[in-house]
Amino acid sequence: MNEIKLIDGHIFNSNPTEDALLFDALLLLNPELPGQIIWQKKTHAAIQQYSRKKLRAEIEAVHQQLFNVTEHQSFKQRILSLFSKQ
Amino acid sequence: MAKYISKMGGTFDEAKDIFQDALVIYYEKTVTTAFELHSNEQAYLLGISKHLWAKKFRGNINHTPLDDNQMDFVEEDDLQPSTNKLMHYLETAGQKCMEMLKAFYYDNLSANKITELFGYSGVRSATVQKYKCMEKVRETIKQRSLAYEDFVE
């Protein structure tokens, strides 16, 4: 758990000085640590990708509601009319 | 925004994609603590949309005055090519952890809020769970990426 926290601090440049020094020492002592940093960065990329997908799904749900619910028909027509003149 | 994309010759679907991407960027900016909005939301969204339009369909961003540092819509290519399989796995088997990690790292919610939302007994146990999840997901990504690589080779 501590290793994860230190790697996060390293990735986000948020480790306090003493932790940054400790991390530098660990990098010299633990040959597996550079690899773990790479995997943790990939994990952050996966979290971002997962989260964006979820957010896009929420936005799409709002879009569907705006464009498919009867009470928003005038809005829908106003937007579609912008593209029908092309 | 739709008027602008239409004027530029874009379709409804293109306008929709651009607007949704702009909303994602706007959300990501608002949850980071350093972000301060200097114009109104509509103007900001229009600015992002114009920039995205120029970037995606014109290949020319010279006419858009938006700062580049507002446009760091992070590329999602930092994963292995087999991301779809991996993402599917994380969305199903690892969903509980992913939701928690999303709350911490993407939504940038406070530990107190996460403790409340996920029903943990206290901030300490929420934080411990966060690191456990991080370790679990990291190991999953590592194992699966290596396995997919073997499969591809």
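Residues numbered from 1 in each chain as written. Chains lettered and ligands numbered in written order. Predicted model: local features only at pLDDT ≥ 70, side-chain atom pairs only at ≥ 80, totals over all residues.

## Observations concerning the overall build of chain B
Thinking step 1. Helix and strand content of chain B: 7 helices and 0 strands.
Thinking step 2. For chain B, the sequential pattern of α-helices and β-strands runs α-α-α-α-α-α-α.
Thinking step 3. In chain B, which comprises 153 residues, the share counted as buried stands at 22%.
Thinking step 4. In chain B, 51% of the contacts between residues at least 6 apart in sequence involve partners at least 24 apart. (Helix = DSSP H or I, 4+ residues; strand = E, 2+ residues; numbered from the N terminus. Buried ≥ 20, exposed ≤ 12 C-beta atoms within 10 Å, placed from the backbone. Contact = placed C-beta atoms within 7 Å.)

## Some remarks on the overall build of chain A
Thinking step 1. Within chain A, the secondary structure is distributed over 4 helices and 0 strands.
Thinking step 2. Going from N to C terminus, chain A has its helices and strands arranged as α-α-α-α.
Thinking step 3. Taking 86 residues into account, the globule formula puts the C-alpha radius of gyration at 12 Å, and chain A, at 24 Å, lies well above it.
Thinking step 4. For the C-alpha atoms alone, the extent of chain A along its principal axes is close to 65 × 25 × 20 Å. (Rg over C-alpha atoms; globule rule 2.2 N^0.38 Å.)

## Structural notes on the nonpolar core
Thinking step 1. Within the largest apolar cluster, 16 residues are counted, with the highest numbers of intra-cluster contacts made by Met98, Leu101 and Val137 of chain B.
Thinking step 2. Only helix H3 (33-68) of chain A together with helix H4 (83-92), helix H5 (95-106) and helix H7 (123-152) of chain B provide two or more residues apiece to this core.
Thinking step 3. Among the elements that take part in this core, H5 of chain B stands out by supplying 7 residues, more than any other.
Thinking step 4. Contact partners of Leu101 of chain B, with chain neighbours within four places excluded, come to Ile47 of chain A together with Cys133, Met134 and Val137 of chain B.
Thinking step 5. By size, the runner-up hydrophobic cluster in this structure holds 9 residues, among which are Ala15, Phe19, Ile25 and Leu52 of chain B. (Core = buried A, V, L, I, M, F, W, Y, C linked by C-beta atoms within 7 Å.)

## What to know about the interface of chain B and chain A
Thinking step 1. Across the boundary between the two partners, chain B contributes 31 residues, which contact 27 residues of chain A.
Thinking step 2. Elements that contribute at least two residues to the side of chain B that touches chain A include exactly helix H1 (2-7), helix H2 (12-31), H4, H5 and H7 of chain B.
Thinking step 3. The element that contributes the greatest number of residues to the side of chain B that touches chain A is H7 of chain B, accounting for 8 residues.
Thinking step 4. Residue classes in the side of chain B that touches chain A are distributed as 19 nonpolar, 3 polar and 9 charged. (Nonpolar A, V, L, I, M, F, W, Y, C, P; charged D, E, K, R; others polar.)

## Considering unusual backbone geometry
Thinking step 1. At Asn13 of chain A, a position not held by glycine, the phi torsion is positive, near 55 degrees.
Thinking step 2. The residue Asn13 of chain A is located in the loop between helix H1 (2-11) and helix H2 (17-29) in this model.
Thinking step 3. Phi is positive for Asn108 of chain B, close to 60 degrees, though the residue is something other than glycine.
Thinking step 4. Structurally, Asn108 of chain B is set in the loop between H5 and helix H6 (111-118).
Thinking step 5. Owing to 13 C-beta atoms within 10 Å, Asn108 of chain B belongs among the partly exposed residues under this scheme.

## Section: the confidence of the model for chain B
Residue and element names in this part refer to chain B.
Thinking step 1. Across chain B, the average pLDDT comes to 81, with 76% of residues at 70 or higher.
Thinking step 2. Note on residues 63-79: pLDDT under 50 across the span, and 21 contacts to partners over four residues away in sequence or across chains.
Thinking step 3. Scored as a whole, the predicted complex attains pTM 0.83, and scored at its interfaces, ipTM 0.87. (pLDDT = per-residue confidence, 0-100.)

## Re the environment of Leu86 of chain B
Thinking step 1. Checked against the element boundaries, Leu86 of chain B lands in helix H4.
Thinking step 2. For Leu86 of chain B, a count of 23 C-beta atoms within 10 Å translates into the label buried.

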